[in-house]
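# Examination of the molecular architecture
Below, each chain spelled out in residue letters.
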Amino acid sequence: MARLAIIARADATGLGNQTRRLVEMLNPERVLVIDSTPFNQNQQDFTFFEPYNWYKVTGFPDRQQITNFLRGMDIVLSCETFYNKSFVKVANSLGVKTLLQFNYEFLDYLQDPSLELPTKLLSPSHWHMDELSEKFNNVIYLPPPMDMSNFYTNGILNYKRNNTKRRFLHIVGKGAYLDRNGTLDLLESLKYTKSDFELVIKYQTISDEVKNHPQAQDPRVIFDSEAPKNEADLYKDFDAMILPRRYAGQCLPMNEALASCLPVIMTDIDPNNKILPENWLVKSHKVGEFMTRAMIDYYSADHKALAKTIDNLCKNDLQSDKEAAYAIAEANFCKELLLDKYTELINEVTQ
């Protein structure tokens, strides 16, 4: 059995959830836990890692810390970054294989071809997969796992909801660049729908542009900054999630909503249209581009089309959509299914 190490985060972020779920599923021999306080000031919680053989590094690990962590390991897995540009070089010198579950917009290898490539690049979504497969020969699709049982109870409650008034969820999170989750587009669309519903907008931080938007005063809108200890409770007591995302690949809120039996309404763009049914997708148009490690196109949902979709959610029976949501999550993100795929990959690259 290969000796696996994982780099994880201790903060309450998507990256924190993603890495903790990988640790839980794969039960590594060693975990390097990044205390991200120096670079993002997020609150840290290390209690999750107490059952594991873990080491804490505050901020970015230096070369000696990397060497000490990797010595005696066969393979190491990290998400988005290795936190040091010489990490793969050090790993290679020690004979340790490297796996990176990347986010396309932060993939350093697109910008700096001098960096040594990991053994495998794991794409968490289908976003830009064709392009990356042409550029690199070590890219595979392998999304992060989910414990479906954690979302099952709320999923059953959502499935059984049969209230006259629909209740919809929108997640802002920390409000990424250029209104990534499409909060402003969603608010703008409310001008064109008179249906009776409740829209709960959940956030950690929120921009003045959102707070001061005229439709933010719509009586159907509720702003909620409560952060439940169990992330599954974010999705409790809803009929659908409306998330007209403007760009980006991996979307953990989409995965979690699907596992909670919530149909997810998104923009008709890549990679949303690679996984969601056509009737959940809203006509969209490109409005600009910006540079990260590569040029990123961003889009806007057609406001009237989004309003029409909301009206349809209010008047249609959603039971089959809720069943479809859970089935999509189960087929793509279930940890029992993915464990075999991760194990197979680890064995393949360490043989």
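Up top is the structure these notes are about.
Analysis parameters
- Residues numbered from 1 in each chain as written.
- Predicted model: local features only at pLDDT ≥ 70, side-chain atom pairs only at ≥ 80, totals over all residues.
- Heavy atoms only, no water.
- Helix = DSSP H or I, 4+ residues; strand = E, 2+ residues; numbered from the N terminus.
- Rg over C-alpha atoms; globule rule 2.2 N^0.38 Å.
- Contact = heavy atoms within 4.5 Å.
- Areas by Shrake-Rupley, 256 points an atom, 1.4 Å probe, with all protein chains shown as cover.
- Disulfide = S-S within 2.5 Å.
- Buried < 20%, exposed > 50% of the residue type's maximum accessible area, 1.4 Å probe, protein only.
- Salt bridge = Lys/Arg side-chain N within 4 Å of Asp/Glu carboxyl O.
- Expected span 1.5 Å × (residues − 1).
- Pairing = 2+ DSSP bridges.
- Axes fitted to C-alpha atoms, helices over the stretch in contact; angles between N-to-C directions.
- Phe/Tyr/Trp six-rings, centres within 6.5 Å; stacked < 30°, edge-to-face > 60°.
- Lys NZ or Arg CZ within 6 Å of the ring centre and 35° of its normal.
- Parallel < 35°, antiparallel > 145°, perpendicular 65-115°, else oblique.
- Left-handed = near helix turned anticlockwise from the far one by under 90°.
- Nonpolar A, V, L, I, M, F, W, Y, C, P; charged D, E, K, R; others polar.
- Core = buried A, V, L, I, M, F, W, Y, C linked by side-chain atoms within 4.5 Å.
- Polar contact = N/O pair within 3.5 Å; in protein donor to acceptor, adjacent residues only side chain to side chain.

## Description of the overall build of the chain
From N to C terminus, the chain includes twelve helices and 15 strands. Rg of the C-alpha trace for the chain: 21 Å, near the compact-globule value of 20 Å for 351 residues, within the 12% margin. With respect to the principal axes defined by its C-alpha atoms, the chain has extents near 65 × 40 × 35 Å. Contacts spanning at least 24 positions in sequence make up 62% of the contacts within the chain whose residues lie at least 6 apart. Approximately 15,800 Å² of the chain is accessible, and the part contributed by carbon and sulfur atoms is 46%.

## A few points about the state of the cysteines
The full count for this structure, using the stated rule, is zero disulfides. Lacking any disulfide linkage, C79 is separated from the closest cysteine sulfur, that of C251, by 16 Å. Look at C79 and you get buried, because its relative accessible area is 2%. In this structure C334 is a free cysteine whose sulfur lies 14 Å from that of C261, the closest cysteine sulfur available. Here C334 falls in the buried class, since its relative accessible area comes to 11%.

## Describing the pattern of salt bridges
On inspection of all chains with the given rule, the structure shows 20 salt bridges. Here K165 ties to D196 by a salt bridge, and the two come within 3.7 Å at their closest N and O atoms. Placement of K165 in the loop between α6 (148-160) and β8 (166-173) and of D196 in the loop between α7 (183-189) and β9 (197-203) is noted, with a sequence separation of 31 residues between them. D196 sits in the exposed class, given a relative accessible area of 52%. Connected through salt bridges with shared partners, the residues R161, R167, E198, D237, D239 and K322 form a single ionic network.

## Structural notes on helix α1 (residues 14-26)
The end-to-end C-alpha distance of α1, which contains 13 residues, comes to 18 Å, matching closely the 18 Å that a straight helix rising 1.5 Å per residue would cover. Within α1, eleven of the 13 residues are buried, which leaves the element mostly enclosed by the surrounding structure. Within α1, the full set of buried residues consists of L15, G16, N17, Q18, T19, R20, R21, L22, V23, M25 and L26. Backbone geometry just after α1 places N27 at a positive phi near 45°.

## Considerations on the sheet that holds β9
One open sheet holds the six strands; their spatial order is β10-β9-β8-β11-β12-β13, and the pairing between them is parallel. Either end of the sheet is taken by a strand with one partner, and the two such strands are β10 (221-224) and β13 (281-282). Along the sheet, helix α9 (residues 252-259) contacts β8, β11 (240-242) and β12 (264-267); its crossing angle with β12, the most-contacted strand, is approximately 150°. Against the sheet, helix α10 (residues 303-315) contacts β8, β9, β11, β12 and β13, and its axis sits at roughly 135° relative to β8.

## Structural notes on the sheet that holds strand β5 (residues 97-101)
One open sheet accounts for seven strands, arranged β3-β2-β1-β4-β5-β6-β7; its pairing is parallel. Since the sheet does not close on itself, it has two edges, and those belong to β3 (54-58) and β7 (139-141), each with one partner. Mean inter-strand twist for the sheet, computed between neighbouring axes without regard to direction, equals 20°. Relative to strand β4 (residues 75-79), strand β1 (residues 4-9) is paired through three bridges, and the arrangement is parallel. Among the inter-strand pairings, A5 is bridged to a residue of β4, identified as V76. Sheet contacts for α1: β1, β2 (30-35), β4 and β5; angle to β1, the most-contacted strand, approximately 155°.

## Concerning the packing of aromatic side chains
For the structure on display, the rule yields 16 aromatic pairs. Taking the centre distance of 5.7 Å and the plane angle of 10° together, the rings of F46 and W54 count as stacked. Residue W54 is classed as partly exposed on the basis of its relative accessible area of 27%. In textbook terms, an aromatic cluster arises when at least three aromatic residues are bridged by ring pairs, as seen for F46, F48, F49, Y52 and W54. Against the face of F46 rests K56, its NZ or CZ located 5.0 Å from the ring centre.

## Points about the packing of α9 against helix α11 (residues 319-333)
Contact pair α9 / α11: the axes reach a minimum separation of 7 Å and the direction vectors enclose 120°. Taken together, the axis directions place α9 and α11 in an arrangement best described as oblique. Crossing hand, α9 versus α11: left-handed. Contacts from M254, N255, L258 and A259 in α9 reach A325, Y326, I328, A329 and F333 in α11. Considering only residue class, the contact of α9 with α11 consists of eight nonpolar, one polar and no charged.

## Things to note about the nonpolar core
Residues I7, L26, L107 and Y109 are the most contacted members of the largest nonpolar core, which totals 62 residues. Every residue in contact with L26, bar those within four places of it in the chain, is listed here: L4, I6, L77, L339, Y342 and I346.

## Brief notes about the environment of D317
Inspection of the secondary structure puts D317 in the loop between α10 and α11. Put simply, D317 and N162 are 155 residues apart on the chain and 9.1 Å apart in space, counted from C-alpha to C-alpha. A polar contact is formed between the side chain of D317 and the backbone nitrogen of Q319, at a distance of 3.2 Å.

## Regarding the pairing of strand β15 (residues 295-301)
Strand direction decides the pairing type here: strand β14 (residues 284-291) and β15, joined by seven bridges, are antiparallel. By the bridge assignment for β15, F290 is matched with I296. If you look at the hairpin formed by β14 and β15, you'll find three residues sitting between the two strands.

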